[in-house]
Amino acid sequence: MKYIDLHSDTLTAAFDGGYSPLDCPLQASFNKLNKSGCAAQCLAVFTEGEGAALNFEKYLSFYKSLQVKKITKSPQLKGDFGVILTIENLGFIGGDLSYISKLKRAGVKMASLVWNSENELAYPNVTSSGREKRGLKPLGKAAVEFLDKNKIIIDISHLSDGGAEEILTGRKIPAVASHSDCAEVCNVPRNLTNPLIKKIADCGGVVGVNFHKKFLGEGKTFDLIEMHIKHLIKVGGEDIIALGSDFDGIPAPPDLEDCTKVPVLLERLNKTLGCRVCEKLRYKNFERVFNEVCR
């Protein structure tokens, strides 16, 4: 079954491990993705800490060298397997917001402001004392405007509750949480509260369900994924659901050790959710967001 995955760390994992992502032992190598029915895999460039800007340039050069279809326009979502370039943690741009224009020219289609550590733009949702309520920093607010202007999808995964609220309240352009689950199902700070889920739905965005056991909760992997999807539908409706595996950034979850097991999950969801809803989950919802924002 055709599907789109909103987040993996395969690009950076391959570069750091000295692999070709085409055929390697990673959870989401391109050959495995292609065989699993993946139509488009979002590949996140992740950088953190000292030397992040230089590392980004290295990852970008690596991405450009790959012999694979690179998706930058809506029609390219059809047909053979391809990849979409995304950014996890824009902190490496420092105070240079003009860098966002360079990201657009490089083909970046989605970006998050922060990872698990505070940067010049924003605060993460993970703190030592629970959920982070502080909002965006002034530079982060300006970055949001630049991202919208450059038609780059804003990703709120990892962002503080306060920052997500600022971005989503009254928003008319779809935003996404590329790899997040539901706090009501598994109460950890990385998961989304019901009000945030509703605000993502209200702006026409989507949530990519994360396969990390820490965020899914206790129980069988497939059961838990289905619980999170059904909760998203309950709070935000059918048009909010998507897949955001986080492959190659997470320990292998039981029964879903790599992307070759995704078809088994999708066959189950096709039966329990129904063909129409499962099709929205698999690719239609994100395809709609991509068409609207990245046109």
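You'll find the structure just up there.
Residues numbered from 1 in each chain as written. Predicted model: local features only at pLDDT ≥ 70, side-chain atom pairs only at ≥ 80, totals over all residues. Heavy atoms only, no water.

On to the overall build of the chain, then. The number of helices and strands found in the chain is 11 helices and 11 strands. On C-alpha atoms alone, the chain measures out to a radius of gyration of 17 Å, which is about the 19 Å that the 2.2 N^0.38 rule sets for 295 residues. When the backbone C-alpha atoms are referred to their principal axes, the chain occupies close to 50 × 40 × 35 Å. The buried share among the 295 residues of the chain stands at 59%. Counted over contacts in the chain with a minimum sequence separation of 6, partners at least 24 positions apart contribute 72%. For the chain, the exposed surface amounts to about 11700 Å²; the carbon and sulfur share of it is 52%. Across the chain, the centroid of the 39 positively charged side chains sits 6 Å from that of the 36 negatively charged ones. (Helix = DSSP H or I, 4+ residues; strand = E, 2+ residues; numbered from the N terminus. Rg over C-alpha atoms; globule rule 2.2 N^0.38 Å. Buried < 20%, exposed > 50% of the residue type's maximum accessible area, 1.4 Å probe, protein only. Contact = heavy atoms within 4.5 Å. Areas by Shrake-Rupley, 256 points an atom, 1.4 Å probe, with all protein chains shown as cover. Lys, Arg positive; Asp, Glu negative; His and termini not counted. Charge placed at Lys NZ, Arg CZ, Asp CG, Glu CD.)

Here the structure, examined in full by the defined rule, presents nine aromatic pairs. Taking 4.4 Å as the distance between ring centres and 20° as the angle between the ring planes, the aromatic pair formed by Phe56 and Phe92 counts as stacked. With Phe56 in helix H3 (residues 52-65) and Phe92 in the loop between strand S4 (82-88) and helix H4 (99-106), the pair connects residues that are 36 residues apart, well separated along the chain. Judged by centre distance (6.1 Å) and plane angle (70°), the rings of Phe56 and Tyr99 are edge-to-face. Placement of Phe56 in helix H3 and of Tyr99 in helix H4 is noted, with a sequence separation of 43 residues between them. By relative accessible area, which is 1% here, Phe56 ends up buried. Three or more aromatic residues joined by ring pairs make a cluster, and in this case those are Phe15, Tyr59 and Phe62. Between Lys2 and the ring centre of Tyr283, over which it is positioned, the NZ or CZ distance is 4.2 Å. (Phe/Tyr/Trp six-rings, centres within 6.5 Å; stacked < 30°, edge-to-face > 60°. Lys NZ or Arg CZ within 6 Å of the ring centre and 35° of its normal.)

Here we come to the packing of helix H10 (residues 262-273) against helix H11 (residues 275-293). Relative to each other, H10 and H11 sit at 135°, their axes nearing to 7 Å. By the criterion of interaxial angle, the relationship of H10 to H11 is oblique. Considering only the axes of H10 and H11, their crossing is right-handed. On the side of H10, the interface is formed by Leu266, Leu269, Asn270 and Leu273, while H11 contributes Cys275, Val277, Cys278, Leu281 and Arg282. Along the lines of polarity and charge, the residues of the contact of H10 with H11 split into seven nonpolar, one polar and one charged. (Axes fitted to C-alpha atoms, helices over the stretch in contact; angles between N-to-C directions. Parallel < 35°, antiparallel > 145°, perpendicular 65-115°, else oblique. Left-handed = near helix turned anticlockwise from the far one by under 90°. Nonpolar A, V, L, I, M, F, W, Y, C, P; charged D, E, K, R; others polar.)

For strand S2 (residues 38-46), the tally of buried residues reaches eight of nine residues, placing the bulk of the element in the interior. As defined by bridge partners, strand S1 (residues 3-8) adjoins S2 across four bridges and the pair is classed as parallel. Bridge pairing links Ser8 to Leu43 in S2. By the bridge criterion, seven bridges tie S2 to S4 in an arrangement that is parallel. When the bridges of S4 are listed, Val45 appears paired with Ile87. (Pairing = 2+ DSSP bridges.)

The next subject is the pattern of salt bridges. Summed over all chains, the structure comprises 18 salt bridges. One salt bridge connects Lys78 with Glu287, and the closest N-O pair in it is separated by 3.5 Å. One end of the pair, Lys78, is in the loop between strand S3 (69-70) and S4; the other, Glu287, is in helix H11, and 209 residues separate them in sequence. Taking the shortest distance from any N to any O, the salt bridge between Lys141 and Glu166 comes out at 3.8 Å. Here Lys141, found in helix H5 (residues 138-149), pairs with Glu166, found in helix H6 (residues 161-168); they are 25 residues apart in sequence, far enough to count as distant. Given the relative accessible area of 39%, Glu166 is considered partly exposed. Each of Asp223, Glu226, Lys230 and Arg268 takes part in a single network of salt bridges with overlapping partners. (Salt bridge = Lys/Arg side-chain N within 4 Å of Asp/Glu carboxyl O.)

Turning our eyes to something else, we now look at the pairing of S4. Of all seven residues that make up S4, seven are buried, and the element is covered over most of its length. Pairing geometry for S3 and S4, over two bridges, is parallel. Looking across to S4, one finds that Lys69 is bridged to Gly82. Note: S4 against strand S5 (residues 108-112), four bridges, orientation parallel. Bridge assignment links Leu85 to a residue of S5, and that residue is Val108. This β-α-β element, S4 to H4 to S5, shows right-handed connectivity. (Right-handed = clockwise from strand over helix to strand, strands pointing away.)

Our next topic: the state of the cysteines. If you walk through the whole model with that rule in mind, you get zero disulfides. Considering cysteine sulfurs only, Cys42 is the nearest to Cys294, which forms no disulfide, with 9.3 Å between them. (Disulfide = S-S within 2.5 Å.)

Right, let's talk about H11 for a bit. Compared with an ideal rise of 1.5 Å per residue, which puts 19 residues at 27 Å, H11 spans 26 Å between its outermost C-alpha atoms and is within 8% of the ideal. Maximum bend of H11: about 60°, positioned at Leu281. (Expected span 1.5 Å × (residues − 1). Bend = angle between axes of the 7 residues up to and from the residue.)

Counting residues in each nonpolar core, the largest one holds 82 residues, and the members touching the most others are Ile87, Leu90, Phe92, Leu103, Leu113, Ile156 and Phe211. With near-sequence residues (within four places) excluded, Phe92 lies in contact with Thr47, Ala52, Ala53, Phe56, Ile87, Tyr99 and Leu103. Counting residues in hydrophobic clusters, the runner-up holds 18 residues, among them Ile71, Ile84, Ile153 and Val293. (Core = buried A, V, L, I, M, F, W, Y, C linked by side-chain atoms within 4.5 Å.)

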